[in-house]
Amino acid sequence: MSIMKSTILEVQDLQTVFPTRTGVFKAVDGVSFALNRGETLCVVGESGSGKSVTARSILQIVDKPGRIEGGSVLLTRADGSTTDLAKLDPRGREIRDVRGKEIAMIFQEPMSSLSPVHRIGTQIGEALRIHFGTAKQEQRERVLELLRQVEIPRPESAIDRYTFEFSGGMRQRVMIAMALACNPSVLIADEPTTALDVTTQAEILDLIKKLQQSHGMAVLFITHDMGVVAEIADEVLVMYRGKVMERGPVERIFHAPQDAYTRRLIGSVVKLEKKAEVRLARKPAPAGTLPLLDVRNLSLTFPSGLKAVDDVSLTVRPGEALGIVGESGSGKTTMGRCLLRIYDAQTGAIDYRRPDGDTVDIRTANKATLEKVRREVRMIFQDPVGSLSPRKTVGDIIAEPLKIAGMKGRELNDRVADLMQQVGLEPAWRERYPHAFSGGQRQRIGIARAIALKPRLIIADEATSALDVSLRSQMLDLMMKLQDELGLSYVFISHDMSVIRYMCDRVAVMYRGKIVEVGETDQVVNNPVHGYTRALLSAIPHPDPRNRRIHNRFRYDSVRTV
Amino acid sequence: MIRFIAKRLVFAIPTLFAVSIIAFIIIQLPPGDYLTTLMADWASQGGAVEAGTVAAMRDRYGLDQPIYVQYFKWITGILMRGDFGISFDFGKPVTELIWNRLGFSLLLSVLTLCFVWAIAIPIGILSAVRQYSISDYTATFLAFFFLAVPDFLMALSAMYIMSAWFGQSVGGLFSPDYVDAPWGFGKLFDFAQHVWLPVVVIGLGSLAALVRIMRANLLDELSKPYVTTARAKGMSELELLLRYPVRLALNPLISTLGWILPAVISGEIIVSVVMSLPTTGPLLLRSLLAQDMYLAGSLILLISVLTIIGTLISDILLAITDPRIRLQ
Amino acid sequence: MTDITSLPPETTVSLDLHRKDMAVAGQWRLFWLKFKKHKIALVSLVVIVFMYLVAAFADFIAPFDPNAANSRFTYAPPQGLSLMLNGSFQPHVNQLKMTLNTESMRREFTSDPTKSVSVSFFVPAQQPYYVLGFIPMQTKLFGLTNPKPGDSLYIFGADRLGRDIFSRVVHGAKISLSIGLVGVFVSLILGVTIGGISGFFGGWIDIVIQRFIELLRSIPTIPLWMGFAAAIPTSWPPLRTYFVITLIVSLIGWTSLAREVRGKFLSLRNEDFVTAARLDGMSEVGIIFHHLVPSFISHIIATLTLAIPSMILAETALSFLGIGLQPPIVSWGVLLQEAQNIRAVAQAPWLLFTPAAAIVISVLALNFLGDGLRDAADPYESVS
């Protein structure tokens with residue numbers, strides 16, 4: 001360690017526990033690390049790894065009934081004085097003087113982390129009042145300056161607004177302004193970009209970087225996203241189930257990981273950085289085959305006047321996987337639901353080619369036809385909890401479409417058992433209820449239900465978004481295996497370019513209800529034509545610290561271009 | 001904000017109209033009318049009534065006309081001239097009988113609401129902040145207990161306790177000396193001495209409900225992320241509690257005014273009957289029993305109108321305190 | 001990605017659904033497991049079952065006819081029932097000695113320990129009767145072993161006419177508790193139908209129904225009830241009055257149920273698992289009965305339980321005011337009406353406190369029970 005690197009925060013053998021009825025749950029179990037002045041330390045781990053509790057333990061703001069049981073958190077100030085934060089009374093004066101003044105924190109959900117009934121100016125200025133007793137007028141001037149620093153447009157009017165009047169990205173800027181109010185020397189960011197779209201995430205990461213440099217802050221950044229880690233970290237701490245698996249410079253963690261868990265984690269991320277191997281070898285669908293689904297000029301306007309789907313045209317060829325990528329509010333989910341008439345599109349056509357060669361327009365089909373089509377075109381939902389009735393056994397859930405189709409008795413039993421095996425579930429678990437399964441297993445149940453009637457086309461709406469990254473590729477592999485076994489086609493809707501690149505033959509990019517670009521996945525990813533596609537692709541964090549690029553990304557200004 | 005209030009006012013109009021119809025239906029429900037009751041009374045006292053007299057009275061009160069005409073006459077009289085009709089029972093215009101009593105009803109209800117809110121909020125806060133402590137359990141148990149005791153039973157028990165243990169007779173809002181005296185310090189003091197018991201008796205049920213609601217709201221708010229944010233700013237626990245979760249927990253509490261007010265007015269009516277207070281309660285009961293339709297109808301109408309106005313005020317209060325309602 | 005910062009949940013009552021033995025536990029089993037954790041609710045359930053049994057077998061349990069008067073024992077005080085005599089099990093009551101207070105011109109009773117009369121269980125009834133209206137019986141649960149003229153058995157005292165308060169309260173339970181049940185049944189039908197229509201069709205039908213419910217709820221209930229109840233002619237037979245009063249008290253009760261049903265309909269209609277069933281080809285009726293009803297039935301049971309006490313209280317209030325049920329029907333409200341005179345209560349507090357205790361205990365137990373049921377209604381809420 002060079003002399004230049006001075007440690008500002010040193011955590012030694014931290015232990016934070018949650019007493020439960022069955023015993024004591026160790027959320028943080030012997031975590032140690034050091035944060036250097038002006039540097040960024042990323043704490044990375046999957047859900048349940050204890051990364052968030054670690055961050056909160058530093059300021060002693062762990063939710064009840066959690067408490068710090070051991071270890072030390074040494075804060076070294078510029079004047080050389082040190083304090084062990086873990087020894088302070090969590091309600092006392094001393095720790096309160098540190099919070100917000102020397103160490104500030106921003107959180108994952110800017111909406112719920114800010115009060116909805118207080119003006120943002122009040123909330124930002126509060127820390128100044130608490131720590132310096134700044135007078136009202138001076139407070140306001142300082143808040144305006146902070147709002148300018150975090151690049152919120154028209155600070156003079158924004159200061160008197162409420163959180164719900166801002167977009168997600170702007171709210172996070174408000175949070176950052178609040179954290180910066182007292183010029184802290186350490187900023188703890190607890191998944192600050194997880195709830196944001198990737199382009200917004202890139203902007204927020206930019207902003208944090210910029211402010212870190214201008215304020216000379218140390219940043220402790222909590223995230224589950226290895227791409228973000230690679231883009232911003234100096235040092236990395238990998239956590240798993242409350243323990244530190246590995247720590248070191250970002251370069252070493254990514255390119256020479258020592259620990260098995262780290263290797264697996266990075267492996268599953270890197271795996272999603274390119275096309276799946278099983279897909280590389282596959283021949284493309286022969287050109288000239290008639291499309292399975294031919295959507296033309298589809299539009300849906302909600303009663304509120306929002307044009308959710310705006311003149312969308314696309315085709316799905318037999319046996320191919322078509323990806324639909326877009327950010328929140330792009331209309332991709334609504335469009336997917338129109339394809340199955342869950343929503344009624346107002347204009348356009350959805351021509352589906354039945355096995356006998358006839359085409360049916362799903363948008364206008366009558367009830368009987370629609371029922372038949374819905375056996376051949378199925379859906380996988382995003383939410384593995386909400387899409388399974390908690391009151392039915394897994395066997396019943398998978399059997400439901402079969403029963404309605406008229407299957408019963410032994411045949412039904414055998415078919416359910418086969419299906420469970422096919423998606424990697426034990427047939428013996430059929431009597432269990434969904435609550436006994438993990439998120440990944442539940443998604444498998446949803447897949448079994450979708451393929452029960454031997455469909456030809458599956459519309460998968462963000463089917464992997466709710467899963468941890470290590471499960472994501474497993475789920476995609478399963479879907480590809482089924483595609484080959486059953487000759488399926490997919491419409492794969494996702495906000496995540498990497499999962500689309502992994503499994504889709506072609507991709508359509510949606511932006512504000514419109515499809516702005518369609519093409520072979522490789523083509524679109526490597527040579528995007530449309531400005532929005534370029535902006536979207538360049539904002540995606542890349543899990544390689546040697547190739548940091550989001551800070552030099554392409555920015556798409558829709559107002560200027562469209 | 002002005003648009004919001006205007007919208008609410010416009011919404012209230014059909015509600016008021018519907019309430020007037022319900023009030024009118026209620027007074028039309030009993031078979032026969034006041035005159036049949038009157039005749040039955042006279043007949044039981046041995047007096048005979050001439051057919052001509054009855055017909056004349058019927059004509060005078062418009063009792064032989066179709067119901068919608070009667071309703072129209074009634075409601076236009078109220079709206080145009082403030083004429084609520086005649087009380088058959090008292091032989092006086094309804095307006096002479098009701099305003100004073102309505103005033104006391106309103107006063108008693110407002111006092112009760114103030115009492116309920118002033119007590120319920122701190123207890124609710126304490127109960128939530130010290131969840132599962134002795135004080136929380138005590139508050140919870142008492143809340144359940146008072147929810148289970150009907151108002152009139154509370155009134156009866158209070159009167160029994162006051163007379164059996166303290167040797168005081170309870171009833172009315174004034175001592176006999178002050179009933180007709182002009183308002184002054186003496187009368188005010190006498191009023192305060194009398195009014196606290198009915199206020200407590202009427203309020204305890206709603207108090208219990210409000211404590212439960214405040215506790216639940218606050219527990220909800222205490223686990224919200226913005227509390228952690230405020231804590232991370234270095235705010236002291238007490239300031240944090242009052243400035244954030246309590247402030248937010250009060251919003252849903254304001255909206256409960258919409259049903260607390262009807263409950264308090266209901267309680268006020270029945271407790272007034274038991275404790276013979278000079279409010280609308282005893283008058284309403286008497287008029288209903290005597291089928292004194294214009295009096296009963298006017299009382300039900302005015303009580304409901306008061307409640308609707310109260311609900312309106314609570315809506316506006318909520319809009320003032322909660323920007324989410326005001327601005328969206 | 002939610003981290004574990006909020007684990008374990010704040011509320012104590014939640015199930016660990018990841019436990020092995022929970023894997024095959026269905027909705028009702030989880031409901032019961034969660035309900036069981038509410039000890040007060042569990043005790044309340046026992047109390048409620050006991051109260052309704054007493055109401056059902058009132059004729060068997062009450063030793064006397066509720067309207068049998070005895071002018072000798074006007075305002076006789078409770079004659080505490082003692083179970084032991086001289087160290088052996090021998091239930092008995094001490095007889096009352098009556099003296100005339102010449103000053104106040106009132107009869108005063110004192111307990112006379114020298115005259116104890118034996119009480120036994122399963123004594124022959126004075127006349128045959130029917131339990132539950134159809135089982136012929138000749139035995140009462142308890143009574144004087146050898147009733148002689150002049151002997152009395154007033155375990156909770158007597159009223160103005162020397163009628164046995166205990167028998168009256170037991171018989172009152174029959175009316176007061178059943179009004180709660182019947183009223184809730186009426187509310188159930190009204191609430192589920194109207195709420196279901198509102199939530200299922202939505203649109204302007206929903207708006208009209210919701211406005212109407214808001215209107216009903218914004219009117220204070222007591223004047224509304226009073227207006228309706230006062231319209232019942234006193235000449236009507238008791239049974240008819242009983243049903244009309246029940247209808248009147250359920251007039252308000254259905255609104256909360258309708259809101260609950262509507263809210264559940266609306267939120268469930270857009271749940272993914274309901275959409276999935278629709279895509280599976282299930283009919284709307286099938287979806288209602290296979291998915292919607294099972295999802296909200298537990299909530300309905302809880303709401304219904306919580307509606308019973310307000311019905312009981314409504315009946316009591318109306319009867320108390322003299323515009324509900326009328327004597328000779330015996331209900332708890334009717335009993336309290338007779339305790340309206342504060343001077344009578346001062347002389348014989350048992351007039352007030354015996355029926356009052358019956359009301360408070362049953363309402364309290366129903367509220368606790370409903371609270372427990374509501375907490376258990378959604379055993380899945382902790383799963384995410």
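Residues numbered from 1 in each chain as written. Chains lettered and ligands numbered in written order. Predicted model: local features only at pLDDT ≥ 70, side-chain atom pairs only at ≥ 80, totals over all residues. Heavy atoms only, no water.

## Some thoughts on the overall build of chain A
As a reminder of what qualifies: Strands here mean DSSP runs of E at least two residues long; helices mean DSSP runs of H or I at least four residues long; both are numbered from the N terminus. Each radius of gyration reported is based on C-alpha atoms, and the globular scaling rule is 2.2 Å times the count of residues to the power 0.38. Each residue is placed in one exposure class: buried if its accessible area under a 1.4 Å probe, protein chains only, is under 20% of its type's maximum, exposed if it is over 50%, and partly exposed if it falls in between. Working rule for contacts: check all heavy atoms of both residues, and any pair within 4.5 Å makes them a contact. None of His or the chain ends enter the tally, which takes Lys and Arg as positive and Asp and Glu as negative. Note that the charge is assigned to NZ on lysines, CZ on arginines, CG on aspartates and CD on glutamates.
Within chain A one finds 22 helices and 20 strands. Radius of gyration (C-alpha) of chain A: 26 Å, near the 24 Å computed for a compact globule of 562 residues. Dimensions of chain A along its principal axes, counting C-alpha atoms only, are 80 × 55 × 45 Å. The proportion of buried residues among the 562 residues of chain A is 59%. Pairs at least 24 apart in sequence give 68% of the contacts found in chain A among residues at least 6 apart. Chain A carries 79 positive and 69 negative side-chain charges, and their two centres are separated by 3 Å.

## Topic: the overall build of chain C
Condition: Where accessible areas are quoted, they stem from the Shrake-Rupley method and a 1.4 Å probe; at the residue level, only the protein chains shown are allowed to cover.
Secondary structure assignment for chain C yields 12 helices and four strands. Structurally, chain C occupies a C-alpha span of about 85 × 55 × 45 Å along its principal axes. The buried share of chain C, reckoned over its 384 residues, is 54%. Total accessible area on chain C is roughly 17,200 Å²; 65% of this is exposed by carbon and sulfur atoms. Separation of charge centres in chain C, based on 28 positive and 25 negative side chains, amounts to 7 Å.

## Things to note about the packing of aromatic side chains
The following threshold applies: Side-chain rings of Phe, Tyr and Trp (the six-membered ring for Trp) are treated as a pair once their centres are within 6.5 Å; stacked means planes under 30 degrees apart, edge-to-face means over 60, and tilted covers the remaining angles. A positively charged side chain is recorded as over a ring if its NZ (Lys) or CZ (Arg) lies within 6 Å of the ring centre. The angle to the ring normal must also be within 35 degrees.
Tallied over the entire structure, the rule returns 26 aromatic pairs over all chains. Taken together, a centroid distance of 5.8 Å and an interplanar angle of 55° make the contact between Phe142(C) and Phe166(C) tilted. You can see Phe142(C) sitting in strand β4 (residues 135-144) and its partner Phe166(C) sitting in helix α4 (residues 165-201), a full 24 residues away along the chain. Taken together, Phe24(B), Tyr71(B) and Trp74(B) form an aromatic cluster joined through their ring pairs. Sitting above the plane of the Phe554(A) ring, Arg534(A) keeps its charged end 4.0 Å from the centroid. The ring of Trp236(C) carries Arg240(C) above its face, with NZ or CZ at 4.0 Å from the centroid.

## Focus: the interface of chain A and chain C
Quick reminder of the rule: By buried area we mean the combined loss of accessible area, with a 1.4 Å probe, across both parts when two parts are placed together. Basic side-chain nitrogens of Lys or Arg form a salt bridge, by our definition, when they fall within 4 Å of a carboxyl oxygen of Asp or Glu. Between N or O atoms, a polar contact is any pair within 3.5 Å; within protein, one atom must be a potential hydrogen donor and the other a potential acceptor, and residues adjacent in sequence are included only when both atoms are from side chains.
Chain A puts 51 residues into the contact, and the matching count from chain C is 40 residues. For the chain A and chain C pair, buried surface summed over both sides reaches about 3,600 Å², with 59% attributable to carbon and sulfur atoms. Interface area lost by chain A to chain C is led by Arg391(A), Ile404(A) and His435(A), which between them contribute 21%. At the surface where chain A touches chain C, the tally comes to two salt bridges. Measuring nitrogen to oxygen at the nearest pair gives 3.0 Å for the salt bridge that ties Arg337(A) to Asp272(C). Across the chain A-chain C interface, the total number found is nine residue pairs in polar contact (both at pLDDT 80 or more). At the level of secondary structure, the elements contributing two or more residues to the side of chain A that touches chain C comprise β1 (7-20), β2 (23-36), α1 (51-58), α14 (367-376), β16 (377-380), α15 (394-404) and α17 (439-451) of chain A. The element best represented in the side of chain A that touches chain C is α1(A), accounting for four residues.

## Let's talk about the domain arrangement of chain A
Residue and element names in this part refer to chain A. Spelled out, the test is: Throughout the structure description, domain borders are defined by an automatic or database domain assignment.
Splitting chain A by domain gives domain 1 (3-102 + 184-271), domain 2 (112-182) and domain 3 (290-542). Taking only C-alpha atoms, the centre of domain 1 and the centre of domain 2 are 25 Å apart. With 18 residues of domain 1 at the interface, the matching set in domain 2 holds 13 residues. Between domain 1 and domain 2, roughly 1,300 Å² of surface is buried when both sides are summed, and carbon and sulfur atoms account for 65% of that area. A per-residue breakdown of the area domain 1 buries against domain 2 is headed by Lys-101, Leu-207 and Leu-211, which together make up 32% of the total. Here domain 1 is connected to domain 2 by two salt bridges. With a shortest N-O distance of 3.6 Å, Glu-203 and Arg-173 are connected by a salt bridge. Viewed at the interface, domain 2 and domain 1 are joined by four residue pairs in polar contact (both at pLDDT 80 or more). For the side of domain 1 that touches domain 2, the secondary structure elements donating two or more residues are α2 (93-98) and α8 (198-215). Here the side of domain 1 that touches domain 2 gets eight residues from one element, more than from any other, and that element is α8.

## Looking at the pairing of strand β14 (residues 347-353) of chain A
Residues and elements named next belong to chain A. Selection rule: For two strands to be treated as a pair, DSSP must find no fewer than two bridges joining them.
Note that strand β11 (residues 293-301) and β14 share five bridges and pair antiparallel. Residue Leu-293 lies in a different strand from β14, and its bridge partner there is Tyr-352. As defined by bridge partners, β14 adjoins strand β15 (residues 359-361) across three bridges and the pair is classed as antiparallel. For Arg-353, the partnering residue across the bridge sits in β15 and is Thr-359.

## Things to note about the interface of chain A and chain B
With 28 residues of chain A in contact, the opposing surface of chain B contributes 24 residues. Buried surface at the junction of chain A and chain B, both sides included, amounts to about 2,300 Å², of which 61% is carbon and sulfur. At the junction of chain A and chain B, the tally comes to three salt bridges. In this structure, Arg243(B) engages Glu126(A) in a salt bridge whose closest nitrogen and oxygen atoms are separated by 3.7 Å. On inspection of chain A and its partner chain B, the count reaches nine residue pairs in polar contact (both at pLDDT 80 or more). Top contributing element to the side of chain A that touches chain B by residue count: helix α4 (residues 120-132) of chain A, with six residues.

## A few points about the packing of helix α7 (residues 151-165) of chain B against helix α12 (residues 350-376) of chain C
What counts is decided by this rule: Helix axes use the C-alpha atoms of the stretch in contact, all axes being lines fitted to C-alpha atoms, and the angles between their N-to-C directions lie in the range 0 to 180 degrees. In this scheme the handedness of a crossing depends on how the near helix is turned from the far one: anticlockwise by less than a right angle means left-handed, clockwise means right-handed. Basically, the charged four are Asp, Glu, Lys and Arg, the nonpolar ten are Ala, Val, Leu, Ile, Met, Phe, Trp, Tyr, Cys and Pro, and anything else, Gly included, counts as polar.
The N-to-C vectors of α7(B) and α12(C) enclose an angle of 140°; their axes lie 11 Å apart at closest approach. For the pair α7(B) and α12(C), the crossing hand works out as left-handed. Counting all contacts with α7(B), which are made through Leu153(B), Leu156(B), Ser157(B) and Tyr160(B), the residues of α12(C) involved are Leu352(C), Phe353(C), Ala356(C) and Val360(C). Its residues assigned to classes, the contact of α7(B) with α12(C) shows seven nonpolar, one polar and no charged.

## Describing the sheet that holds β11(A)
Residues and elements named next belong to chain A. The strand order β12-β11-β14-β15 describes an open sheet built from four strands, whose pairing is antiparallel. Two strands lie at the open edges of the sheet, namely β12 (307-316) and β15, each paired on one side alone. Across this sheet, the average inter-strand angle for adjacent strands is 20°, counted without regard to direction.

## Remarks on the pattern of salt bridges
The final tally for this structure, using the stated rule, is 53 salt bridges over all chains. Asp29(A) is paired through a salt bridge with Lys243(A); the nearest N and O atoms lie 2.8 Å apart. In this pair, Asp29(A) sits in strand β2 while Lys243(A) sits in strand β10 (residues 243-249), placing the two residues 214 residues apart along the sequence. Arg278(C) is paired through a salt bridge with Glu284(C); the nearest N and O atoms lie 3.0 Å apart. With a relative accessible area of 36%, Glu284(C) lands in the partly exposed category.

## A few points about the pairing of strand β1 (residues 81-85) of chain C
A regular strand places its side chains on the two faces of the sheet in alternate fashion. Residues and elements named next belong to chain C. For β1 and strand β2 (residues 88-101), the ladder comprises four bridges, and the chain directions are antiparallel. When the bridges of β2 are listed, Leu-81 appears paired with Val-93. Linking β1 back to β2 in an antiparallel pair, the connection comprises two residues, with Asn-86 at a positive phi of about 50°.

## Focus: the nonpolar core
We apply this condition: Nine residue types can take part in a nonpolar core, namely buried Ala, Val, Leu, Ile, Met, Phe, Trp, Tyr and Cys, and a core is a set of them joined through side-chain atoms within 4.5 Å.
Counting 172 residues, the largest nonpolar core has Trp74(B), Met226(C) and Trp332(C) as the members making the most contacts within it. Among the elements that line this core, the one with the most residues is helix α9 (residues 284-321) of chain C, at 17 residues. When neighbours within four sequence positions are excluded, Trp74(B) is seen to be in contact with Ser20(B), Ala23(B), Phe24(B), Asp83(B), Phe84(B), Tyr294(B), Gly297(B), Ser298(B) and Leu301(B). Of all hydrophobic cores here, the second largest spans 149 residues; its members include Ile103(A), Met178(A), Val186(A) and Ile447(A).

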